[in-house]
Amino acid sequence: MQIFVASVGIAGPGLDGWTASRPILAGTAAHRMAPTSRSIPDILSAAERRRSSQSARLAITAAQEALRAGDLRGDEIATVFASSDGDGDITQEICESLAGPARDVSPTSFHNSVYNAPAGYWSIATGSRLASTSVCAYDVSFAAGLIEAATYATVEHQPVMFIACDLPFPFPLNTIRPVEHSFAAALLVTPTARNASLMRWKISLEPHRAATAFPACLPESLRSNPAARCLPLLALLARNQRATIVLEYSDSSDLVVLCEPGT
Amino acid sequence: MMTALTVTAMATANPLGYGLSSTWDALRKDRHGLRPNDFEDAAIKTWIGRVEGLEAEPITGALADFDCRNNRLALVGLRQDGFEQAVALARGKYGPDRIGVLIGTTTSGILETELAYRRRTPSGELLPLTVRYRQTQNLFSVSEVVRRHLGLQGPVASISTACSSSAKVFASASRWMAVGLCDAVVVGGVDSLCFMTLYGFASLGLLSESPCRPCDRDRNGLSIGEAAGFMLLERRDDREGDLHLLGYGESSDAHHMSTPHPEGMGAALAMERALDRAEMKPIDIDYVNLHGTGTPANDLAEDHAIWKTFGGRTPCSSTKGRTGHTLGAAGITEAILAGLCLRHGFIPGTLHTTRLDPQLQSRVTLASEYRPLRSVMSNSFGFGGNNCSLILGKRT
């Protein structure tokens, strides 16, 4: 199957938006480590800005950038959201409450604890009543999400905002599931070519071969973040080159993306 | 129009019992599976739908690392109704790499982590062996354990869209098959009792102190349940009595994180999209299995949506007074109940409900009745405003 990448959003350590990150990913500017921006996306209403969790804000920061870089309205775009670990701060807060004497779970934390909370806030922000699917596949959640987004766009003939997002757990869960840095990326993909398509991606599952190396221009520590596994693809988008990217997928197959630059 | 997919096998473990025949037996005799909350030491006055015997079903052998309540429930479910044998046949026919796995869950094995937090060291650390994160808490663990147990190697993912999770698996599976990623898919849903959902729904004031009474004038909340359910979806020539997935419809409310759109706008869209995809009219649907959780707002919003889509002619009921709300397993559990209803020509009544809410306009059935059915719609709506409607039936 094939999809077209219309626009990109990114929020990571020293990767503050696509415009600023593109030369870094293309290898023409050096990466400088800085904490991931914790800005609250202005596409959220005042109430949702207050209520939303850190994972929702991060995911929507990336999605908002991709939306504004494209020429499609938010309400004509379906959503696919992928994450391995959801919102670790919320998990921590609820598990601590449940281990305490009162077992008071905050109602806001409980509704923020659902895995699809970022996608829910996104649909409220954009007014999109189209389908929204949230997928998890542990370390390969990005690849699983890309399959979901590509099959959705292909079969339903609709554009898809595909958002991948993972954040570190706080102590003590971070000792059991070590993820460094907060990272989110958003790809607005369409089933057919549009005027400003950045790339065409042909996507297939194939028997194992050597996976594409993580971009050398980025710190090794970012590899621990499952959502950051998209970075070989984003680096290629930044360089606008033709190449085949291989992402690890399962014990029996890899996700192979044949990338062709747009015109 | 989508290519109808054939349900070639199904299996369930739910509060009504293990397997299809005990589930059907409870269904036709109007026997429910709820009981006063006796889950661990959760001191909440509510009723729960608990699956018996999981405590005595540890996972051993190669998959022992996956042992937790949720994965035990998954494997108990897989062992029912000849499901493993049906998958083995499909594996021989298509090859293990051509069969996908898509499982819906909302809390996976979080119970393990909840209990580990009670046993933290004085400095706050978790004891290293108390949490096997990947094999228990992570949402993918249930899909991994199902795939490995069944010896499959095709595409795999967990879907987690709150209470629509295991309805959404049908939509994604249908797409996977449409683009040729695989020739068959094991779809399912597994969610198990844990403290997070009991105390979380209690914090929102959404738990009933008595067995839930969907659509009742005095309904006051839901009863939480747990379940595992699976279906094997294939494309094959029609045989007498075959059950098919005829359509699915997905939508978002774009309204609020934890309360439905008051006019049921998103719910109505999901139903309309399912009908469109199946190329069916509302009159073609013989029965609607409601999401019907028993909270005042949910049932009212769904009623608006049903009225808008079907008017007052189509019989509707909620089976959540029988199983409880099994959250991420609700979609598959109710798809399986819909399958039993189609097979036996049976419309289940809405148990525990005695006085229908006069505000509701749709035709909610309180008493069970036998009536031939060709097509059934099943609704599942979740937090985040995530909606999915399925149409199951015989091919026309």
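Below is a summary of the structure that appears in this document. (Residues numbered from 1 in each chain as written. Chains lettered and ligands numbered in written order. Predicted model: local features only at pLDDT ≥ 70, side-chain atom pairs only at ≥ 80, totals over all residues. Heavy atoms only, no water.)

**Concerning the overall build of chain B**
Item 1. For chain B, the helix and strand inventory stands at 11 helices and 17 strands.
Item 2. Here the C-alpha atoms of chain B give a radius of gyration of 20 Å, agreeing with the 21 Å that 2.2 N^0.38 yields for 396 residues.
Item 3. In terms of principal-axis extent, the alpha carbons of chain B reach across some 60 × 50 × 40 Å.
Item 4. Looking at chain B as a whole, 68% of its 396 residues are labelled buried.
Item 5. For chain B, the proportion of contacts with a sequence separation of at least 24, taken over those separated by at least 6, is 78%. (Helix = DSSP H or I, 4+ residues; strand = E, 2+ residues; numbered from the N terminus. Rg over C-alpha atoms; globule rule 2.2 N^0.38 Å. Buried < 20%, exposed > 50% of the residue type's maximum accessible area, 1.4 Å probe, protein only. Contact = heavy atoms within 4.5 Å.)

**Description of the nonpolar core**
Item 1. Among the nonpolar cores identified, the biggest contains 197 residues, and Trp201, Leu231 and Leu234 of chain A together with Val146 and Val186 of chain B are the most heavily contacted of them.
Item 2. Per-element accounting of this core gives the leading share, nine residues, to helix H7 (residues 141–156) of chain A.
Item 3. Non-local contacts of Leu231 of chain A, meaning those with residues more than four positions away in its chain, are made with Ile10, Leu25, Phe183, Phe214, Pro215, Leu218 and Leu222 of chain A. (Core = buried A, V, L, I, M, F, W, Y, C linked by side-chain atoms within 4.5 Å.)

**Considering the pairing of strand S17 (residues 386–393) of chain B**
The two faces of the sheet receive side chains in turn, since in a regular strand these alternate between them.
All names here are of chain B.
Item 1. Of all the eight residues making up S17, eight are buried; the element is thus mostly covered by neighbouring parts of the structure.
Item 2. Alternating positions in S17 separate into two faces, Asn386, Cys388, Leu390 and Leu392 on one and Asn387, Ser389, Ile391 and Gly393 on the other, with burial throughout.
Item 3. Pairing geometry for strand S10 (residues 243–252) and S17, over eight bridges, is antiparallel. By the bridge assignment for S17, Leu245 is matched with Leu392.
Item 4. Pairing analysis gives eight bridges linking strand S16 (residues 375–382) to S17, with the strands arranged antiparallel. Bridge pairing in S17 places Asn379 opposite Ser389.
Item 5. Connecting S16 to the antiparallel partner S17 that follows it, the hairpin turn spans three residues, and Gly384 within it adopts a positive phi of roughly 80°. (Pairing = 2+ DSSP bridges.)

**Some points on the sheet that holds strand S3 (residues 34–36) of chain B**
Residue and element names in this part refer to chain B.
Item 1. Read across the sheet, three strands follow the order S3-S4-S8 without closing on themselves; strand pairing throughout is mixed. Looking along the sheet, the strands with just one partner apiece sit at the ends: S3 and strand S8 (224–225).
Item 2. In terms of strand pairing, S3 meets strand S4 (residues 47–49) through three bridges, oriented antiparallel. Bridging across to S4, Arg35 finds its partner in Ile48.

**Quick word on the pattern of salt bridges**
Item 1. One pass over the full model with this rule turns up 47 salt bridges over all chains.
Item 2. A salt bridge links Arg175 of chain B to Glu148 of chain A, with the nearest nitrogen and oxygen atoms 3.4 Å apart. Of the two residues, Arg175 of chain B is situated in helix H6 (residues 165–178) and Glu148 of chain A in helix H7; the pairing between them involves two chains.
Item 3. Arg175 of chain B gets classed as buried once you look at its relative accessible area, which sits at 0%.
Item 4. Note on Glu148 of chain A: relative accessible area 2%, which makes it buried.
Item 5. The network of salt bridges with common partners includes Arg35, Asp38, Arg50, Glu52, Glu55, Arg69 and Glu226 of chain B. (Salt bridge = Lys/Arg side-chain N within 4 Å of Asp/Glu carboxyl O.)

**Considerations on the interface of chain B and chain A**
Item 1. Opposite the 63 residues of chain B that make contact, chain A presents 57 residues.
Item 2. Contact between chain B and chain A buries roughly 5,000 Å² in total, counting both sides, with carbon and sulfur atoms accounting for 64%.
Item 3. The three residues of chain B that bury the most area against chain A are Tyr117, Tyr133 and Met257 of chain B, which together make up 15% of that side's buried surface.
Item 4. Scanning the region where chain B abuts chain A turns up six salt bridges.
Item 5. Here Asp41 of chain B and Arg103 of chain A are joined by a salt bridge, their closest N and O atoms 3.1 Å apart.
Item 6. Taken together, the connections running from chain B to chain A amount to 30 residue pairs in polar contact (both at pLDDT 80 or more).
Item 7. Secondary-structure elements contributing two or more residues to the side of chain B that touches chain A are helix H4 (110–117), strand S6 (156–159), H6, helix H7 (195–203), S10 and helix H8 (265–278) of chain B.
Item 8. With seven residues, the single largest contributor to the side of chain B that touches chain A is H7 of chain B. (Buried area = accessible area lost by both parts, 1.4 Å probe. Polar contact = N/O pair within 3.5 Å; in protein donor to acceptor, adjacent residues only side chain to side chain.)

**Topic: the packing of aromatic side chains**
Item 1. Counted by the stated rule, this structure contains 13 aromatic pairs over all chains.
Item 2. Pairing Phe81 of chain A with Tyr115 of chain A gives two aromatic rings, centres 6.4 Å apart and planes at 65°, and the pair type is edge-to-face. Placement of the pair is Phe81 of chain A in strand S3 (residues 78–82) and Tyr115 of chain A in the loop between helix H5 (107–113) and helix H6 (117–126), with a sequence separation of 34 residues.
Item 3. A relative accessible area of 8% places Tyr115 of chain A in the buried class.
Item 4. Ring geometry for Phe83 of chain B and Phe230 of chain B: centres 6.0 Å apart, planes at 40°, overall tilted. Highlighted residues: Phe83 of chain B in helix H3 (residues 83–94) and Phe230 of chain B in strand S9 (residues 227–234), separated in sequence by 147 residues.
Item 5. Classification of Phe83 of chain B as buried rests on a relative accessible area of 0%.
Item 6. We classify Phe230 of chain B as buried; its relative accessible area is 0%.
Item 7. Directly above the aromatic system of Phe195 of chain B lies the positively charged group of Arg118 of chain B, at a separation of 4.6 Å from the ring centroid. (Phe/Tyr/Trp six-rings, centres within 6.5 Å; stacked < 30°, edge-to-face > 60°. Lys NZ or Arg CZ within 6 Å of the ring centre and 35° of its normal.)

**Examining unusual backbone geometry**
Item 1. Phe171 of chain A connects to Pro172 of chain A through a cis peptide bond whose omega is 5°.
Item 2. Mapped onto the elements, Pro172 of chain A comes out in the loop between strand S5 (160–166) and helix H8 (173–176).
Item 3. Look at Tyr138 of chain A: it is not a glycine, yet its phi comes out positive at around 50°.
Item 4. Topologically, Tyr138 of chain A is positioned in the loop between strand S4 (132–136) and H7.
Item 5. Even without being a glycine, His352 of chain B presents a positive backbone phi close to 75°.
Item 6. Within the secondary structure layout, His352 of chain B lies in the loop between strand S13 (346–347) and strand S14 (363–364).
Item 7. Residue classification places His352 of chain B among the partly exposed positions, given a relative accessible area of 25%.

**A short note on helix H1 (residues 18–26) of chain A**
Residues and elements named next belong to chain A.
Item 1. Here H1 has its buried residues at Trp18, Ser21, Ile24 and Leu25. With its buried residues spanning 120° around the axis, H1 presents them on a single face.
Item 2. Looking at the packing, one finds that the buried side of H1 touches strand S1 (2–12), strand S2 (15–16), helix H3 (54–69) and helix H9 (231–239).
Item 3. Once H1 ends, the next one or two residues include Gly27, with phi positive near 85°. (Arc of directions from axis to C-beta.)

**Concerning the environment of Leu351 of chain B**
Residues and elements named next belong to chain B.
Item 1. With respect to the helices and strands, the residue Leu351 is situated in the loop between S13 and S14.
Item 2. Put simply, Leu351 and Thr319 are 32 residues apart on the chain and 7.2 Å apart in space, counted from C-alpha to C-alpha.
Item 3. Filtering out sequence-adjacent residues up to four positions away, Leu351 remains in contact with Asp30, Arg31, His32, Cys212, Pro214, Gly321 and Arg322.

Purely geometric numbers; function is a separate question.
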